[in-house]
There are 4 protein chains.
Amino acid sequence: MSVNTFGRVLRFTTWGESHGPAIGAVVDGCPPLLALSEADIQPFLDARRPGTSKFTTQRREPDAVKILSGVFEGKTTGTPISLMIENVDQRSKDYSEVARAYRPGHADYAYNAKYGIRDYRGGGRSSARETASRVAAGAVARLAIPEVAILAYVSAIGGDAVDPANFDANEIGNNPFFCPDAAAAARWERLVDEARLAGSSLGAVVECVATGVPAGWGAPLYGKLDADLASAMMGINAVKGVEIGDGFEAARLRGEQNADPMRPGENGPTFEANHAGGIAGGISTGQPVVVRVAFKPTSSILIPQDTITRDGEAAEIVTKGRHDPCVGIRGTPVVEAMMAFVLADHKLLHRAQCG
Amino acid sequence: MSVNTFGRVLRFTTWGESHGPAIGAVVDGCPPLLALSEADIQPFLDARRPGTSKFTTQRREPDAVKILSGVFEGKTTGTPISLMIENVDQRSKDYSEVARAYRPGHADYAYNAKYGIRDYRGGGRSSARETASRVAAGAVARLAIPEVAILAYVSAIGGDAVDPANFDANEIGNNPFFCPDAAAAARWERLVDEARLAGSSLGAVVECVATGVPAGWGAPLYGKLDADLASAMMGINAVKGVEIGDGFEAARLRGEQNADPMRPGENGPTFEANHAGGIAGGISTGQPVVVRVAFKPTSSILIPQDTITRDGEAAEIVTKGRHDPCVGIRGTPVVEAMMAFVLADHKLLHRAQCG
Amino acid sequence: MSVNTFGRVLRFTTWGESHGPAIGAVVDGCPPLLALSEADIQPFLDARRPGTSKFTTQRREPDAVKILSGVFEGKTTGTPISLMIENVDQRSKDYSEVARAYRPGHADYAYNAKYGIRDYRGGGRSSARETASRVAAGAVARLAIPEVAILAYVSAIGGDAVDPANFDANEIGNNPFFCPDAAAAARWERLVDEARLAGSSLGAVVECVATGVPAGWGAPLYGKLDADLASAMMGINAVKGVEIGDGFEAARLRGEQNADPMRPGENGPTFEANHAGGIAGGISTGQPVVVRVAFKPTSSILIPQDTITRDGEAAEIVTKGRHDPCVGIRGTPVVEAMMAFVLADHKLLHRAQCG
Amino acid sequence: MSVNTFGRVLRFTTWGESHGPAIGAVVDGCPPLLALSEADIQPFLDARRPGTSKFTTQRREPDAVKILSGVFEGKTTGTPISLMIENVDQRSKDYSEVARAYRPGHADYAYNAKYGIRDYRGGGRSSARETASRVAAGAVARLAIPEVAILAYVSAIGGDAVDPANFDANEIGNNPFFCPDAAAAARWERLVDEARLAGSSLGAVVECVATGVPAGWGAPLYGKLDADLASAMMGINAVKGVEIGDGFEAARLRGEQNADPMRPGENGPTFEANHAGGIAGGISTGQPVVVRVAFKPTSSILIPQDTITRDGEAAEIVTKGRHDPCVGIRGTPVVEAMMAFVLADHKLLHRAQCG
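Only a predicted model underlies this, so the values are computations on that prediction, with no experimental measurement involved. (Residues numbered from 1 in each chain as written. Chains lettered and ligands numbered in written order. Predicted model: local features only at pLDDT ≥ 70, side-chain atom pairs only at ≥ 80, totals over all residues. Heavy atoms only, no water.)

Here we come to the side chain of serine 18 of chain B. Residue and element names in this part refer to chain B. Tracing the chain through its elements places serine 18 in the loop between strand 2 (11-16) and strand 3 (22-28). Looking at serine 18, its side chain comes within polar contact range of the main-chain oxygen of glycine 122, at 3.3 Å. Apart from the residues lying within four places of it in its own chain, the contact partners of serine 18 are Arg59, Asn87, Gln90, Arg121, Gly122, Gly124, Ser127 and Arg129. (Helix = DSSP H or I, 4+ residues; strand = E, 2+ residues; numbered from the N terminus. Polar contact = N/O pair within 3.5 Å; in protein donor to acceptor, adjacent residues only side chain to side chain. Contact = heavy atoms within 4.5 Å.)

The following block contains the structure:
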């Protein structure tokens with residue numbers, strides 16, 4: 001029930017604000033004897049790291065992770081793994097405007113309404129910077145599910161979608177958009193740059209597929225695999241929608257169109273389709289687990305907007321300085337991390353109950 | 001972390017199978033001194049009850065709820081409220097076929113893969129019948145949030161959507177589809193009947209709006225109001241997608257289109273739009289909370305499908321007897337119930353931390 | 001973290017009041033494929049059942065348990081097991097006095113201070129009657145730990161202790177006190193009868209030993225096996241003290257006296273003593289797990305006591321009718337049940353993390 | 001349910017090993033707007049700090065706490081408070097012996113049996129050093145319960161108890177034993193020094209009293225205030241017994257001796273005794289909450305003991321270097337911290353349910 005903790009038997013707790021000295025995660029319940037060092041985590045943080053292209057925020061953070069506990073002689077010990085990432089580029093800028101007025105679309109007003117106080121520097125706790133902690137925790141979780149391969153990519157930006165016929169997993173690392181379609185990546189370069197120069201921002205859709213998940217993970221009825229994935233993904237900053245398998249498209253289909261018929265296979269059943277996205281009744285079926293996530297356009301834009309001050313006066317506000325023209329891009333490694341964590345947690349939970 | 005328990009400080013635990021003697025829910029953490037009797041719960045169960053029109057399954061269940069504990073002299077006492085609904089119409093039919101082979105799209109195979117056993121009678125624990133327990137629990141939760149009004153309705157069936165211009169809340173109770181648009185209801189009558197007669201089924205979209213939610217509910221970062229709603233909704237049988245506010249549409253927008261500018265109002269701020277669906281940073285903003293839920297078409301159809309038997313042999317299966325041509329319709333009261341429960345839980349959690 | 005739920009991955013939730021229609025427990029997370037019927041539970045309820053001798057309360061309850069869910073064709077299915085026990089002997093007596101004034105030592109005043117309301121009939125939720133639900137849940141838990149044998153007995157009543165030299169496990173079932181020392185049982189017969197006739201009551205100490213627990217169960221640092229046992233035992237009605245191994249006596253010893261030296265054995269290490277009660281660092285060592293529990297004398301006595309009314313006026317109160325001269329006796333099966341549940345829960349939790 | 005997390009709505013998660021770079025705690029769910037700086041925490045850490053007299057271990061640690069998150073402009077923000085304490089005096093000694101063989105009474109063997117690996121340097125995660133994190137978390141919790149005063153003291157060492165007639169709260173800070181009886185403190189000086197010089201150790205009893213707790217805190221039936229205190233205290237390193245109020249002594253009493261009669265008072269009821277230790281039915285009564293905790297003698301003694309090696313061979317082991325002749329002494333601030341945390345958590349939980 002900890003509100004800054006995610007997970008059931010494998011769990012992480014995150015802490016830290018955008019402009020505090022550091023952020024971090026404590027991973028608890030990790031199986032012992034897994035080989036773990038900073039080098040197992042760093043590549044995932046590097047993928048999420050800001051400032052790597054002109055299409056993401058220009059904040060420069062090395063995002064170097066330190067393991068402070070839970071590892072001995074290169075192996076996990078079963079005790080909590082404390083991960084810390086120091087904040088380096090907390091630019092000493094003037095925060096008086098954001099301290100004074102709420103940025104529409106941001107959590108500013110909501111945090112103030114809830115807590116009566118907010119750390120307004122760089123968004124404080126509500127900053128997307130916190131997702132680095134999730135990525136670090138997800139990297140640990142991956143070690144517990146070596147049988148699973150997880151791949152996320154951006155499937156649309158600003159309504160411009162990839163062409164499934166062009167899908168090439170190898171392409172994903174070749175462009176700054178995690179885009180599996182070279183033609184789309186070329187289009188997005190212009191699209192995102194235009195938005196960036198206009199001081200605007202674009203929404204995006206991220207798709208994530210996990211293969212190798214055996215049948216049987218997920219804990220109905222209120223620990224369903226899809227429900228936990230929905231919670232995991234909707235909790236990522238800027239996410240407004242989550243689909244499993246065909247998602248909303250399934251609501252347009254007839255029963256016979258949406259079926260996933262089964263046939264005998266050499267190693268258990270095979271399926272003739274995967275409308276369900278690998279989950280039935282909240283339990284994995286052995287098919288690839290497919291999740292789709294909608295990111296809204298960043299709220300921090302350089303275009304002035306109507307707002308009010310903390311004192312309730314009308315005002316106009318405009319984000320100054322660094323801005324992220326499409327936050328969904330850097331959301332891709334975060335989606336992967338949350339997928340990894342949910343799956344690892346359910347692997348452990350499944351063997352708790354079912355041996 | 002109980003897998004058959006939902007909620008944080010207000011919680012319910014459900015139990016029961018489709019064809020066992022009864023189903024039920026235990027509601028824990030309910031504030032004391034709320035007036036509660038069966039009559040406060042029954043209307044919501046009646047709205048969800050099967051067999052009320054030809055557009056839903058013909059199983060006939062009175063769904064009469066009994067309160068077994070937690071109420072004294074007509075008031076809640078703060079102790080667990082045990083709610084029980086007896087199963088009456090467990091038709092003594094022949095289950096040999098469904099015992100032998102898996103129904104594609106159903107949880108049959110997944111349950112077997114997980115537990116090595118399944119109660120195949122009427123779907124057992126994975127039956128939509130269990131959602132009656134959620135509706136009962138949601139009715140109790142409503143008593144804890146008298147300031148909030150919750151309204152759900154079907155906004156599309158089989159891809160045929162209501163016209164927002166025709167929206168009339170009073171219309172919702174006038175048709176068997178929870179449809180707020182009389183014209184759409186008329187079209188759906190033909191559409192659903194056609195599917196029913198063809199032995200097929202249709203997907204649906206349910207929309208739910210909660211008004212009166214004050215700013216400040218929700219517990220970031222891993223107890224965000226939207227994340228908990230996503231978990232609550234994705235966990236409902238047959239649901240494959242969840243959106244908050246503009247949802248996937250937001251991913252097509254630019255930042256300035258998606259903003260919800262603020263203006264000073266007489267009682268706190270007013271907002272010039274509600275793309276966010278009433279939630280920012282995981283915390284309610286005081287605007288209506290808007291959730292949209294995609295239900296797949298029922299998997300139980302009268303059209304034969306390829307499948308395998310428990311022994312792994314190829315087979316063909318067809319659902320016999322009662323079938324539900326559009327399970328999303330009866331999902332509407334379930335969506336309302338889960339919305340009520342999440343909001344009540346967060347009201348209590350908010351006052352735990354913030355007084 | 002539900003307050004009427006106990007356990008981590010194996011959990012039970014109880015509900016019900018002393019004079020409501022029924023009480024019950026929902027056991028969640030139970031491994032599938034365990035053979036379970038009412039006959040596996042009933043003997044434990046019978047051992048706890050009131051009215052079996054003149055040394056316990058004269059309330060007559062058959063305490064017949066019904067399984068309402070979670071079992072199919074004689075086996076657990078992995079879904080929640082709902083257990084219900086109907087209340088039969090809710091004597092229709094006059095409760096006006098206990099409604100008016102608080103019984104010292106009872107929970108009457110505290111419940112009223114907390115909730116502003118209390119079901120005063122027979123103690124409502126705070127009645128020891130609820131422990132029947134724990135016993136039923138514990139009986140299910142035993143099925144998950146066939147490798148463990150659990151034995152509890154009363155080791156002292158009113159300060160009169162058994163002589164360890166006389167310990168005979170077979171004697172426990174031969175007297176109405178769960179006493180392992182025939183000579184002590186004979187003394188207690190007079191002692192308890194005297195207290196009963198005087199309208200007074202006596203405290204007791206219950207000791208519980210679990211053998212067959214392998215090394216490795218327990219989840220430090222805040223899910224330690226001893227901490228969970230302490231919570232489990234202290235939560236039983238009338239319990240005021242819990243010891244593991246030597247307990248308070250250990251505080252009188254020197255380090256060399258309290259050591260449990262180890263020697264090589266045929267199947268892992270052997271220990272030359274068991275001061276620790278089978279737990280070190282919150283983890284089982286493979287030695288017998290030993291817990292000792294202090295029950296206070298029943299507060300309901302026939303001797304008038306000073307108290308106040310709900311309106312704050314001075315008053316005198318005396319318990320009328322049935323009374324339990326030594327509640328610790330019937331606490332013995334409850335202690336066993338909680339031991340079983342904690343161990344089963346930790347067995348599952350251990351295999352979640354450590355495979 | 002995180003195993004390294006304690007608490008319900010106010011929670012802390014600890015991490016860190018004795019000889020890692022640092023230890024720490026993340027406090028989650030803390031009310032916002034409480035004034036908090038390192039100076040509010042440091043005095044409690046200083047009280048627990050080792051090396052302050054010859055009667056405790058000679059490890060020298062400044063135990064300087066750093067607040068890494070959750071505080072802005074001197075006030076809590078409602079977000080997680082990350083507290084870190086660097087390990088300074090991890091003496092680079094030779095650990096080959098403790099790596100090779102298990103120390104009897106220590107958690108060495110149990111950790112190995114559970115995890116298959118252990119960080120043997122200074123006890124790793126099972127070191128009492130971790131209790132510094134609890135003390136830091138407890139210091140934060142105190143801010144949430146300004147109405148409560150908490151006082152713990154050592155009431156016996158090695159079986160030599162204080163004389164209640166000599167009790168003087170002001171004396172507690174005047175001696176190195178947290179002893180409220182000057183005469184006992186003088187005796188203990190010789191007693192503990194003798195044990196220290198003999199390379200032995202002594203057990204102790206710590207008593208803790210919380211005054212100002214209003215009636216109504218505690219959440220029956222499985223979140224009872226006494227059950228949570230029992231879990232909190234039994235989970236402290238070296239604790240083997242917990243009593244509430246009269247504890248085991250209550251088991252020797254008759255009902256009329258154990259009663260706490262009530263009388264009308266100016267501000268609610270007064271009680272003529274406090275055998276119950278301020279808790280009835282798991283709920284506070286408004287009387288002082290009294291807990292007594294038994295600490296075993298430290299297992300690390302300079303007297304050789306029989307043991308086995310990791311390979312199962314017979315061996316003899318003796319603790320070298322620093323040793324703590326009476327770990328119960330430094331347990332006193334830890335007991336206070338856990339009392340504070342449990343009470344603060346229940347204050348928040350109570351207002352969640354009861355407003």
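A few words now on the state of the cysteines. Every disulfide links exactly two cysteines, by a covalent bond between their sulfur atoms. All chains considered together, the criterion is met by zero disulfides over all chains. Unpaired in terms of disulfides, cysteine 179 of chain C finds its nearest cysteine sulfur in cysteine 326 of chain C, a separation of 11 Å. (Disulfide = S-S within 2.5 Å.)

All names here are of chain A. Interhelical geometry of helix 4 (residues 131-143) versus helix 8 (residues 327-354) gives an angle of 45 degrees and a closest axis separation of 8 Å. Regarding the angle of helix 4 to helix 8, the classification is oblique. Viewed along their axes, helix 4 and helix 8 form a crossing whose handedness is left-handed. Only Pro333, Val334, Glu336, Ala337, Met338, Ala340, Phe341 and Ala344 of helix 8 make contact with helix 4, whose side of the interface consists of Thr131, Arg134, Val135, Ala137, Gly138, Ala141 and Arg142. Here the residues of the contact of helix 4 with helix 8 sort into ten nonpolar, two polar and three charged. (Axes fitted to C-alpha atoms, helices over the stretch in contact; angles between N-to-C directions. Parallel < 35°, antiparallel > 145°, perpendicular 65-115°, else oblique. Left-handed = near helix turned anticlockwise from the far one by under 90°. Nonpolar A, V, L, I, M, F, W, Y, C, P; charged D, E, K, R; others polar.)

Here chain A averages 94 in pLDDT, and 98% of its residues register 70 or above. The complex model carries a pTM of 0.98, and its ipTM stands at 0.97. (pLDDT = per-residue confidence, 0-100.)

Let us look at helix 1 (residues 38-48) of chain B. All names here are of chain B. The complete set of buried residues in helix 1 reads Ile41, Gln42, Leu45 and Arg48. The arc enclosing the buried residues of helix 1, seen along the axis, measures out at 120 degrees, which places them on a common side. The inward-facing, buried residues of helix 1 contact strand 4 (65-67), strand 7 (81-86), helix 4 (131-144) and helix 8 (327-354). (Buried < 20%, exposed > 50% of the residue type's maximum accessible area, 1.4 Å probe, protein only. Arc of directions from axis to C-beta.)

With that out of the way, let us pick up the relation of the copies chain B and chain C. You can overlay chain B on chain C at an RMSD of 0.0 Å; the transform is a turn of 180 degrees with a shift of 0.0 Å along its axis. These values place the two chain copies in the arrangement generated by a two-fold rotation axis. Looking at chain B, 100% of its interface residues are interface residues in chain C too, so the copies touch through the same face. (Least-squares fit on C-alpha atoms with pLDDT ≥ 70 in both.)

The interface is formed by 106 residues belonging to chain B together with 105 residues belonging to chain A. Summing both partners gives a buried area of about 7900 Å² for chain B against chain A, and 61% of it is carried by carbon and sulfur. Three residues, Lys114, Tyr222 and Lys240 of chain B, lead the burial of chain B against chain A; their summed loss comes to 11% of the area buried on that side. Our count for the contact surface shared by chain B and chain A stands at 42 residue pairs in polar contact (both at pLDDT 80 or more). No other element matches helix 3 (residues 108-115) of chain B, which puts six residues into the side of chain B that touches chain A. Of the residues assigned to the side of chain B that touches chain A, the class counts are 55 nonpolar, 30 polar and 21 charged. Judged from the three bridges that link them, strand 11 (residues 239-244) of chain A and strand 11 (residues 239-244) of chain B form a sheet pairing that is antiparallel. Paired with glutamate 243 of chain A across the two strands is glycine 241 of chain B, which belongs to strand 11 of chain B. (Buried area = accessible area lost by both parts, 1.4 Å probe. Pairing = 2+ DSSP bridges.)

Reports often express the size of an interface as the amount of accessible area lost when the parts come together. At the junction of the two partners, chain B supplies 39 residues and chain C supplies 39 residues. Regarding the contact of chain B and chain C, the summed buried area is about 3100 Å², with carbon and sulfur atoms giving 64% of it. Counting the contacts that link chain B with chain C gives ten residue pairs in polar contact (both at pLDDT 80 or more). Contributing elements (two or more residues each) for the side of chain B that touches chain C: strand 2, strand 3, strand 6 (75-76), strand 7 and helix 3 of chain B. Residue contributions to the side of chain B that touches chain C peak at five residues, all from strand 2 of chain B.

Below, the discussion takes up the environment of isoleucine 283 of chain C. As for its placement among the helices and strands, isoleucine 283 of chain C is situated in strand 15 (residues 283-284). With a relative accessible area of 0%, isoleucine 283 of chain C lands in the buried category. Residues isoleucine 283 of chain C and valine 65 of chain C, spaced 218 residues apart in sequence, show a C-alpha to C-alpha distance of 34 Å. Excluding residues that lie within four positions of it along the chain, isoleucine 283 of chain C makes contacts with Gly216, Trp217, Gly218, Pro220 and Gly278 of chain C together with Ala110, Tyr111, Lys114 and Tyr115 of chain D.

So, about helix 3 (residues 108-115) of chain D. Helix 3 of chain D sits mainly inside the fold: seven of its eight residues count as buried. Taken as a whole, helix 3 of chain D has its buried residues at Asp108, Tyr109, Ala110, Tyr111, Asn112, Lys114 and Tyr115 of chain D. Contacts from the buried residues of helix 3 of chain D go to strand 12 (262-265), strand 13 (268-271), strand 14 (279-280), strand 15 and helix 8 (327-354) of chain C together with helix 2 (96-100) of chain D.

Each copy of the sequence occupies a distinct position, and chain B is placed on chain A by a rotation of 180 degrees and an axial shift of 0.0 Å, giving an RMSD of 0.0 Å. Mapped onto chain A, 99% of the interface residues of chain B again fall at the interface, so both copies present the same surface.

All names here are of chain C. Applying the stated criterion across every chain yields a total of 49 aromatic pairs over all chains. The interplanar angle of 85 degrees and the centroid separation of 4.6 Å between the aromatic rings of phenylalanine 12 and phenylalanine 341 together place this pair among those described as edge-to-face. Placement of phenylalanine 12 in strand 2 (residues 11-16) and of phenylalanine 341 in helix 8 is noted, with a sequence separation of 329 residues between them. Owing to a relative accessible area of 0%, phenylalanine 341 belongs among the buried residues under this scheme. (Phe/Tyr/Trp six-rings, centres within 6.5 Å; stacked < 30°, edge-to-face > 60°.)

All right, on to the sheet that holds strand 3 of chain B then. Residue and element names in this part refer to chain B. Ordered by their spatial adjacency, five strands build an open sheet running 1-2-3-7-4, and the pairing between neighbours is antiparallel. Each edge of the open sheet carries a strand with a single partner, namely strand 1 (5-7) and strand 4. Pairwise comparison of adjacent strand axes, ignoring direction, gives a mean angle of 20 degrees for this sheet. Here three bridges tie strand 1 to strand 2, and the two strands are oriented antiparallel to one another. Counted as the bridge partner of glycine 7 is arginine 11 from strand 2. Lying over the sheet, helix 4 contacts strand 2, strand 3 and strand 7, oriented at roughly 30 degrees with respect to strand 3.

This part is about the packing of helix 8 of chain B against helix 8 (residues 327-354) of chain D. Running from amino to carboxyl end, helix 8 of chain B crosses helix 8 of chain D at an angle of 140 degrees, the nearest separation of the two axes being 7 Å. Taken together, the axes of helix 8 of chain B and helix 8 of chain D are oblique relative to one another. The handedness of the crossing between helix 8 of chain B and helix 8 of chain D comes out as right-handed. Contacts between helix 8 of chain B and helix 8 of chain D involve Leu348, Arg351, Ala352, Gln353 and Cys354 of chain B from the first element and Leu348, Arg351, Ala352, Gln353 and Cys354 of chain D from the second. Counted by class, the contact of helix 8 of chain B with helix 8 of chain D contains six nonpolar, two polar and two charged residues.

The next point concerns the pairing of strand 17 (residues 305-308) of chain C. Residues and elements named next belong to chain C. Where strand 17 lies against strand 18 (residues 314-317), four bridges are found, and the strand directions are antiparallel. Across the sheet, glutamine 305 pairs through a bridge with isoleucine 317, a residue of strand 18. From the end of strand 17 to the start of strand 18, which pair antiparallel, there are five residues, and glycine 312 there has a positive phi angle of about 90 degrees.

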